[in-house]
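Report on the structure
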Amino acid sequence: MRRGIRGATATALVAGLALAATACGGGDSGDGGNSGGELSGTVTFWDTSNDAEKATYRKLAEGFQKQHPKVRVKYVNVPFGDANAKFKNAAGGNSGAPDVMRTEVAWVADFANLGYLAPLDGTPALDTTDDYLPQAVGSTKFKGKTYAAPQVIDTLGLFYNKKLLKDAGVEVPKTFEELSKAAKKIKAKTGATALYLRGDDPYWFLPYLYGEGGDMVNARDKVVEIDDGAGVKAFKTIKDLVDSKAAVTDATDGQENQLKALKDGDVAMAVDGPWDIEGARAGKAFKDKKNLGVAPVPGGSSAQGSPQGGWNLSVYAGSKNLQASYAFVKYMSSAKVQQETNEKLSLLPTRKSVYDVPAVKNNEMVKFFKPAVDGAVQRPWIAEGNSLFEPVKVQMNKVLTGAATPEQAAEATGNAYRKLLKDYK
Amino acid sequence: MVAPVVLVIGVIIGYPLVRGVFLSLTDANEANVERNIGVNHLPATYKFTGLDNYRAVLSDGVFWDRLGWTVLWTVGCVSLTFLTGLALANMLNRTLRGRTFYRLALILPWAIPAFISVFTWRMLYNEKNGILNKLLAGGGIDAVPWLNDPTWAKLSVIAVNVWLGVPFMLVALLGGLQSIPGELYEAAEMDGASAWQRFRHITVPGLRSVSSTVILLSTIWTFNMFPVIFLLTRGGPGDATEILVTYAYRLSFIDSPRNFSESAAWGVLILVLLSVVAVVYRRALRKQGEVW
């Protein structure tokens with residue numbers, strides 16, 4: 001940057017040369033395929049799991065090589081925050097895209113809409129679709145075709161520190177109002193703040209919105225809903241929680257800060273998902289693993305709900321090794337791999353049959369999260385689904401810092417949606 | 001003999017520029033540009049829309065909001081960087097023990113890749129676990145919401161950019177200082193000129209040509225300083241620290257489908273603004289008798 005013009009020119013030149021080189025380097029012999037009945041070649045897999053999970057995923061992914069010795073799995077961990085943009089850059093530019101990617105549920109429709117994903121219907125990637133939980137299948141479909149295999153399903157829950165709540169003599173709150181009332185007691189008796197509120201990530205806004213009976217958009221009737229009364233109330237709830245000091249928040253680094261605050265016992269509760277179970281249990285507040293409790297996300301004034309999330313496996317349409325990629329997807333979403341993921345990371349399977357395995361059925365986190373997932377709110381699986389978050393993020397930041405009122409925030413979000421979704425009311 | 005130069009400039013500057021201007025006159029986005037993905041060929045379906053994008057951008061309050069903050073950010077950063085650099089350069093323009101060490105230390109921020117410094121700063125600024133707040137807590141001062149309050153966030157990004165920019169100013173101005181003949185100072189001292197008078201009447205005019213150049217360069221860089229803002233705050237909290245270029249990035253990389261045409265329009269507007277600034281600045285300098 002400050003190295004200024006010369007540096008920039010050099011970079012541009014290098015980039016230009018690299019582009020030229022890759023352009024010429026096409027037509028790679030990576031046919032791979034199963035010409036001789038046996039799969040071969042390389043499958044590049046972009047995994048988006050977090051630090052606590054990635055070692056397990058790497059091992060699982062590389063386990064594929066045992067079944068197919070001629071296939072090399074190239075495991076790449078791509079941080080969740082960068083993965084969407086990175087994939088789009090690579091897929092749109094025709095260079096460097098992975099063969100298989102662990103794709104967030106809201107990304108599938110988006111990528112499929114842009115032509116980046118290979119349809120999986122009738123391929124070996126989807127063997128027995130009947131086994132998948134119906135809500136997990138929802139996010140893999142786009143315009144009548146299936147573009148991904150569900151791998152993990154999740155939703156948000158309320159993680160709580162049993163000891164702190166007991167010391168304060170309060171019950172696990174069922175609504176945000178109860179939480180707000182319990183906050184003073186918790187602070188007085190234990191010194192901890194009641195809740196860590198993710199102010200940096202719009203996904204965490206959804207329970208507040210659903211709690212007021214609202215939604216971002218109604219995709220069936222093509223109506224923007226966020227700027228009706230429920231949206232305003234939801235923004236008001238987060239503002240009140242922070243203003244009354246029942247909750248602490250951040251506009252940056254919320255993932256790390258929340259987990260640290262929970263692990264250190266600085267907060268008694270946090271809204272979080274199964275992906276942080278392992279991370280939380282590593283903290284000093286949960287040396288006794290039983291101290292971590294999970295309850296449904298508190299409700300709002302009219303309902304209770306948390307968003308359905310999870311991860312799917314999708315295949316890049318430009319993959320040079322489609323057959324091996326399909327087989328890899330089948331393997332990574334197989335009952336065996338899902339069971340192992342559950343045993344090691346407590347993540348929730350997407351296959352009904354895996355829930356019948358005793359070890360899975362008796363997993364304490366599954367016991368909580370499975371009913372929560374069954375009741376979770378499906379998001380609009382539209383191409384713009386992921387883009388709906390950015391305006392919420394900007395506005396929730398603004399509300400929390402006092403730069404906008406809840407009314408202004410809801411209105412601004414609604415306007416942004418109408419700009420994004422041209423045919424919506 | 002100039003053919004290679006023309007060619008290189010044409011390829012690395014001309015083509016992208018023309019292409020950018022062209023895109024800004026269309027409704028191209030990620031979903032309607034031409035793509036070849038594996039066996040799929042998706043043809044281009046975007047169309048020419050004339051000045052629609054410009055009309056939309058200029059009639060939207062967002063552009064003017066962002067422009068206001070961008071100007072404030074640029075003026076704040078450049079003036080602080082320049083004054084700090086000038087002060088430090090004057091201090092180092094003497095023989096003192098360990099001068100090489102000081103010079104090296106001051107150039108250090110320049111030697112570290114910007115994104116690494118910015119990430120380090122981000123950790124320092126962390127409201128709950130960052131060192132800055134830990135230090136303040138030691139002094140009994142409440143935690144400062146460095147990146148979580150609009151005003152603090154603005155000050156924080158400016159501080160980091162100044163930190164990154166000072167070494168450049170320092171080196172450039174030190175070079176300028178060393179080219180001023182020492183005899184001038186000796187003569188002035190004999191005439192009984194005070195230190196301030198010497199600075200005012202010898203140093204400042206002697207540095208004019210260097211400083212006018214670095215100020216212009218620094219203005220252009222700061223105006224377009226993407227990494228500091230993007231990596232430190234992503235434009236947040238809310239959109240408090242979003243400058244024109246980070247907003248243009250948001251348009252073309254965060255929403256889906258990526259809006260290439262509107263982002264290109266922002267890019268062209270930024271280019272026009274900077275060209276105007278450069279031309280006006282040059283005129284002003286020429287009026288003062290500066291040949292540049």
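Going by the annotation in an unreviewed UniProt entry, the name recorded for chain A is Extracellular solute-binding protein, with Streptomyces nigrescens given as the source organism. Looking at chain A in UniProt, the text filed under Sequence similarities (unreviewed entry) is "Belongs to the bacterial solute-binding protein 1 family."

1. Looking at a nonpolar patch on the surface
Residue and element names in this part refer to chain B. A contiguous nonpolar surface patch, about 460 Å² in accessible area, is contributed by Val2, Val5, Val6, Ile9 and Ile13. Within the secondary structure layout, Ile9 lies in helix H1 (residues 3-24). For Ile9, a relative accessible area of 44% translates into the label partly exposed.

2. Some words on the sheet that holds strand E6 (residues 149-155) of chain A
Residue and element names in this part refer to chain A. Read from one edge to the other, the open sheet built from five strands follows the order E2-E1-E3-E14-E6, with strand pairing classed as mixed. Each edge of the open sheet carries a strand with a single partner, namely strand E2 (71-77) and E6. Neighbour-to-neighbour, the strand axes of this sheet turn through a mean angle of 20°, independent of strand direction. Running at roughly 115° to strand E3 (residues 100-104), helix H4 (residues 105-113) makes contact with E3 and strand E14 (308-315) of the sheet.

3. Notes on the packing of helix H2 (residues 54-67) of chain A against helix H13 (residues 335-345) of chain A
Two quantities define a packed helix pair, namely the angle between the helix axes and the distance between the axes. All names here are of chain A. It is the contact of H2 with H13, at a shortest axis distance of 11 Å, that shows an interaxial angle of 155°. Classed by the angle they form, the pair H2 and H13 counts as roughly antiparallel. Considering only the axes of H2 and H13, their crossing is right-handed. Facing H2, whose interface residues are Thr56, Tyr57 and Leu60, H13 presents Val337, Glu340, Thr341, Lys344 and Leu345. Considered class by class, the residues forming the contact of H2 with H13 number four nonpolar, two polar and two charged.

4. Quick notes on the interface of chain B and chain A
Across the contact, 46 residues belong to chain B and 38 residues belong to chain A. Of the roughly 3500 Å² buried where chain B meets chain A, counting both sides, 50% is carbon and sulfur surface. Counting across the interface, chain B meets chain A through five salt bridges. The closest approach of N and O atoms between Lys88 of chain A and Glu30 of chain B, which form a salt bridge, is 3.1 Å. At the surface where chain B touches chain A, the tally comes to 13 residue pairs in polar contact (both at pLDDT 80 or more). Within the residue set of the side of chain B that touches chain A, elements represented by two or more residues are strand E1 (35-37), strand E2 (40-42), helix H5 (114-125), helix H7 (150-178), helix H9 (195-223), helix H10 (226-233) and helix H11 (244-253) of chain B.

Conventions and cut-offs
Residues numbered from 1 in each chain as written. Chains lettered and ligands numbered in written order. Predicted model: local features only at pLDDT ≥ 70, side-chain atom pairs only at ≥ 80, totals over all residues. Heavy atoms only, no water. UniProt positions renumbered as here; feature names shortened; annotations may be inferred. Patch = residues over 30% accessible without salt bridge, like charges linked within 9 Å, V, L, I, M, F, W, Y side chains within 5 Å. Areas by Shrake-Rupley, 256 points an atom, 1.4 Å probe, with all protein chains shown as cover. Salt bridge = Lys/Arg side-chain N within 4 Å of Asp/Glu carboxyl O. Helix = DSSP H or I, 4+ residues; strand = E, 2+ residues; numbered from the N terminus. Buried < 20%, exposed > 50% of the residue type's maximum accessible area, 1.4 Å probe, protein only. Pairing = 2+ DSSP bridges. Axes fitted to C-alpha atoms, helices over the stretch in contact; angles between N-to-C directions. Contact = heavy atoms within 4.5 Å. Parallel < 35°, antiparallel > 145°, perpendicular 65-115°, else oblique. Left-handed = near helix turned anticlockwise from the far one by under 90°. Nonpolar A, V, L, I, M, F, W, Y, C, P; charged D, E, K, R; others polar. Buried area = accessible area lost by both parts, 1.4 Å probe. Polar contact = N/O pair within 3.5 Å; in protein donor to acceptor, adjacent residues only side chain to side chain.

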